[in-house]
Every structure is written in C-alpha cells, then in structure tokens.
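Examination of the molecular architecture
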Amino acid sequence: MSSRVYNFSAGPAALPEEVLSQAAEEMTNWHGSGAGVMELSHRSKEFVSIAEQAEQDLRDLLQVPDDYAVLFLQGGASGQFGLIPMNLLDGKSSVDYVHTGQWSKKAIGEAQNYAQVNVVASGESSGFNAIPAQSEWTTSADAAYLHYTPNETIGGVEFSYVPDSGDVPLVADMSSTILSRPVDISKFGVIYAGAQKNIGPSGLTVVIVRKSLIGNASAATPDAFNYQKQMDAGSMFNTPPTYGWYIAGLVFQWLKSRGGLTAMAEINKRKADKLYNTIDSSAYYTNPVDRDCRSWMNVPFICGDGSRDAEFLSGATAAGLHTLKGHRSVGGMRASIYNAMPEAGVDALIQYMEEFERTNA
Ligand SMILES: *Cc1c(COP(=O)(O)O)cnc(C)c1O
C-alpha cells in the first residue's frame, strides 16, 4: 500500500487504511458465509448481526441514551434538509435556523418549502468567518425546532459549544464533525450526518433522534424517510445501504480500538492546532476564521495574495498530498483532516507548506 496518498478530500473523504484492508479481505467471503457483504440479504442473520453490532458500537462511542433511536438511512444530509421539517413540524408553522455558511443556507432554503423559517442569527456581517454570540439570537419558544450546523465544512467554521435551545428541540447537521470528539447527545432532539466525511462511504445517512419526537410526520412524508416507520423496522423498512452500514461498523470498531472519542478528540485537536499554528506563524499563509470558531476538521487557507495557489496545489499533488483544492465557491486550499487522516499526514502537509513558503514567498 506504499502508493496510497494523503487524501485531504472534504468528502467523500479518506477512510482508515486498516478498515479498507479488512473490507478487502472480507470482500468475497464474509466470515465464512461464502458470500460478500454486498451479496447478503439485509434480512439474513449475517447482515443483521453486522447491523446490530454497528449500531451498538455507535451507541457506545457516542454514549447514545436509550430513549434515542439510531437510524441508518439513504438520501444524504441534503435529504434530511427536507425530511427534518416533514418529520418534526407536528402541526407547528415556524422553525428557527442559525445561518453560519453554505450548508446552513441550503438547509434553510429547503426548510422554506415546508415552514416559515426564522433566521435567528447570521454570520453574514463577518463574511461567515465568525459565529454570532448566542446572546444575540432571536429564537422563539414556539418554533418546532432550532436547527444549526455545528461545523460548516466549506468555510471551516465550527461551534465550540452546544447551543442552549431551552425546551425547543435542537437539531444539528453534524455531517463533518460527528465522531470527532465526545458530545452530550441528551442536549439534542436530532443529529444527522451524511456518512462520507467522518463515518464511512457515501450513500449512508445516520440519524439519531429522541424517540419522543418520532411519530408526528406529515402525511406527505415518504415511508422510507418516515422516522417512525424506519425506527419500527430497525432501519429496514426498505433495503438499507448495507455495504455502507458494514463499512461504518468497521470504522466504529477502529475508533473503539483507538480509545474512542476522548482519544480522537485529543488527536484531532493536536492535528488542527499544529496546522493553524503553521498558518498563523507564517506571514505567507492565512486563514480568515475567528480563532474561537475554527474547525478541527476543515482548514481553509490561502498562500500570499492567492496567485500561487495553483502552483501550491500541483506541487502538493506531486508530493503525495492530494485534494487540497478549496471548495469551488471559495477557492484557495482546504485541508480536511477528519479522524482517518493520520497525524503523519498533517505533519507532511506542514513540511510541504514550510518548504513552499521558503522557495516562493
Ligand atoms: C457534505 C455536507 C452536506 C451534504 O451532504 P450530502 O450527503 O451530500 O447530502 C450537508 N451538510 C454538511 C455540513 C456537509 O458537510
């Protein structure tokens, strides 16, 4: 595997090499069953054991309380943008959203098809480089829920705290930060995440929802996306994304073997700190995000005036540091350093950045 590169893709993102190797070994014959996981019926005892183990491991990692359902669905985080209001409105007419960047903007746009959306705070005046203080949010007690995006994957802006939503259920799009550190699930009504950042392959969407919020979906909600129907069926109302579920399970075991989320938080913080330190201590690289809301997972930066970004990127690719190009809407660079990015990958990036600065600044 010496030809593997350090892959800084924002998503689909790198997976732990150990997980890929194990999946490769089991590809054609899972645990002596004579068939690969992709070929197993989702109702087979083999797949049911994979599914149950994965759910249990995720519950253990996040310490999910018993009064929460864990759903393994399809449709991506973007699917949830519409499914959240469909499942949670429960006759209410308004919902509260925090606008901190491009993903929350998309969530807001979709929710507007179903409800009156109050944008309770917006980072616009800071160019979305800061998160408005919670004391300034104009939340309302009769909103069906309060939605926010704990980590804006494109802007690299992350909440360092869980907002207090009072009695209003808190809903979080955790696509790019779930499993990066421990989190108190009991503070949330719903957490959802597309798998392809920090869980597993694309095609799987994890939804963790407080059971008391389930059962009020609007009549127009497709059955396959109705939280009640999926919870009652153990996420097998229809065929679930079986292979993604299996790979996610291998990732959960890998996380447990590394000491769980407390250990991951320590590693992730160290990786992010050293990268931001490199940027801040150089006069050449810049990251525009306020220090108290910089993402541990997605680190955008530019070189000097931005005119050498293309050169930086081609040199990086040649050095085995791939997919560092920033999102098409912002340009520059973005290093996504999820759980599966080894610390050695961040060290290699830092070394390359220092070398590039020496020869180009
Ligand atoms: C990637 C991402 C999405 C979109 O996920 P899909 O699974 O492609 O729909 C939504 N929200 C956040 C925060 C993301 O990082």
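Residues numbered from 1 in each chain as written. Predicted model: local features only at pLDDT ≥ 70, side-chain atom pairs only at ≥ 80, totals over all residues. Heavy atoms only, no water.

Things to note about the site of the ligand
Around the ligand, 13 residues are found, and the nearest of them are S78, T153, D173, Q196 and K197. Within the contact set of the ligand, an oxygen atom lies 2.4 Å away from a side-chain nitrogen or oxygen of T153. One nitrogen or oxygen atom from the side chain of D173 is found 2.6 Å from a nitrogen atom belonging to the ligand. Contact with the protein chains removes 87% of the 390 Å² of surface that the ligand exposes when unbound. It is helix 3 (residues 76–88) that contributes the most residues to the shell around the ligand, 4 residues altogether. (Near = heavy atom within 4 Å. Polar contact = N/O pair within 3.5 Å; in protein donor to acceptor, adjacent residues only side chain to side chain. Areas by Shrake-Rupley, 256 points an atom, 1.4 Å probe, with all protein chains shown as cover. Helix = DSSP H or I, 4+ residues; strand = E, 2+ residues; numbered from the N terminus.)

Remarks on the pairing of strand 14 (residues 333–336)
Both faces of strand 14 are covered, namely the face carrying M333 and A335 and the face carrying R334 and S336. Pairing analysis gives 4 bridges linking strand 12 (residues 298–303) to strand 14, with the strands arranged antiparallel. The residue of strand 14 that forms the bridge with P300 is R334. (Buried < 20%, exposed > 50% of the residue type's maximum accessible area, 1.4 Å probe, protein only. Pairing = 2+ DSSP bridges.)

Regarding unusual backbone geometry
What you tend to see is this: most non-glycine residues have negative phi, and most peptide bonds are trans. Cis geometry is found at the peptide bond from G11 to P12, where omega equals -10°. Phi is positive for Q63, which is not a glycine, with a value near 45°. Mapped onto the elements, Q63 comes out in the loop between helix 2 (45–62) and strand 2 (68–73). Since its relative accessible area comes to 66%, Q63 is described here as exposed.

Observations regarding the domain arrangement of the protein
Domain assignment breaks the protein into domain 1 (18–257) and domain 2 (259–360). One C-alpha centre belongs to domain 1, the other to domain 2, and the line joining them spans 27 Å. A per-residue breakdown of the area domain 1 buries against domain 2 is headed by N129, I154 and E158, which together make up 23% of the total. The interface formed by domain 1 and domain 2 contains 0 salt bridges. For the interface between domain 1 and domain 2, the tally reads 14 residue pairs in polar contact (both at pLDDT 80 or more). (Domains from an automatic or database assignment. Buried area = accessible area lost by both parts, 1.4 Å probe. Salt bridge = Lys/Arg side-chain N within 4 Å of Asp/Glu carboxyl O.)

Some points on the packing of aromatic side chains
Tallied over the entire structure, the rule returns 17 aromatic pairs. Centre to centre, the rings of F72 and W245 are 4.2 Å apart; their planes meet at 10°, and the pair counts as stacked. One end of the pair, F72, is in strand 2; the other, W245, is in helix 6 (residues 242–257), with 173 residues separating them in the sequence. The same class applies to F72 and to W245, which are both buried. A network of ring pairs unites the aromatic residues Y284, Y285, F301, F312, Y352 and F356 as a single cluster. In this structure, R181 packs its charged tip against the face of W296, placed 3.9 Å from the ring centre. (Phe/Tyr/Trp six-rings, centres within 6.5 Å; stacked < 30°, edge-to-face > 60°. Lys NZ or Arg CZ within 6 Å of the ring centre and 35° of its normal.)

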